[in-house]
Amino acid sequence: RNIRRSDLVVDPIPFQDNEFDFVTAYDFLEHIPRLIYCPQRRYPFVELMNEIYRVLKPGGVFYSQTPYYPHAPTFRDPTHVNFITDETFSLYFDDQNRWAAMYGYNGKFRILEQYSQGFYLFTKMQKVV
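Scope of this entry: the structure provided in the associated data block. From a predicted model like this one, the values you see are computed outputs, not experimental measurements. (Residues numbered from 1 in each chain as written. Predicted model: local features only at pLDDT ≥ 70, side-chain atom pairs only at ≥ 80, totals over all residues. Heavy atoms only, no water.)

A few points about the nonpolar core
By size, the foremost hydrophobic cluster in this structure holds 26 residues, and its most contacted members are Phe-45, Met-49, Ile-52, Phe-62, Phe-89, Phe-93 and Phe-109. At the level of secondary structure, the elements contributing two or more residues to this core comprise strand 1 (20-26), helix 1 (44-55), strand 4 (56-67) and strand 6 (120-127). Considering every element that reaches this core, the biggest residue donor is helix 1, with seven residues. When sequence neighbours within four positions are dropped, the list of residues in contact with Met-49 reads Phe-62, Phe-89, Phe-93, Tyr-105, Phe-109 and Met-125. (Core = buried A, V, L, I, M, F, W, Y, C linked by side-chain atoms within 4.5 Å. Buried < 20%, exposed > 50% of the residue type's maximum accessible area, 1.4 Å probe, protein only. Helix = DSSP H or I, 4+ residues; strand = E, 2+ residues; numbered from the N terminus. Contact = heavy atoms within 4.5 Å.)

In structure tokens, the structure reads:
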């Protein structure tokens, strides 16, 4: 009954602001393009990170598991279009550097934990208001 569909490459997350205590993205972010023209230039990965920030309650947690560079599974699947490194979240989407702000990012996440296991990068970040 509460399931909603959305193409998160081009559509917002179909929920209200500050609705969730946590959001998960397991084997998902690598499928979100970094850049598209639709018809003008857009940054879907940055927009999605804004949306995740928006729907999380203050202090809410975002969990991510994604194949990461330089491991072969990152590139093997032809639908992987977003290559994450161990610095992607801490430099672009954290509460200190926020380098993604130059692309329209307006959130702030505190990196609570990040570790690798095999070819996966596991990241746990908390929404900072």
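Still to come is the rest of the account.
Some words on helix 1
Look at helix 1: 16 Å from first C-alpha to last across 12 residues, which is about the 16 Å you get at 1.5 Å a residue. With 10 of its 12 residues buried, helix 1 lies for the most part within the structure. Here helix 1 has its buried residues at Pro-44, Phe-45, Val-46, Leu-48, Met-49, Asn-50, Glu-51, Ile-52, Tyr-53 and Val-55. (Expected span 1.5 Å × (residues − 1).)

Description of the pattern of salt bridges
Any two side chains of opposite charge can pair if their charged atoms end up close together. Inspection of the entire model under this criterion finds five salt bridges. Across the pair Arg-54 and Asp-17 runs a salt bridge whose closest N-O atoms are separated by 2.7 Å. Here Arg-54 is found in helix 1, whereas its partner Asp-17 is found in the segment before strand 1, with 37 residues between them in sequence. Judged by relative accessible area, which is 49%, Asp-17 ranks as partly exposed. The residue Arg-54 makes a salt bridge to Glu-51 at a minimum N-O spacing of 2.7 Å. One end of the pair is Arg-54 and the other is Glu-51, both in helix 1 and three residues apart, which spans about a single turn. (Salt bridge = Lys/Arg side-chain N within 4 Å of Asp/Glu carboxyl O.)

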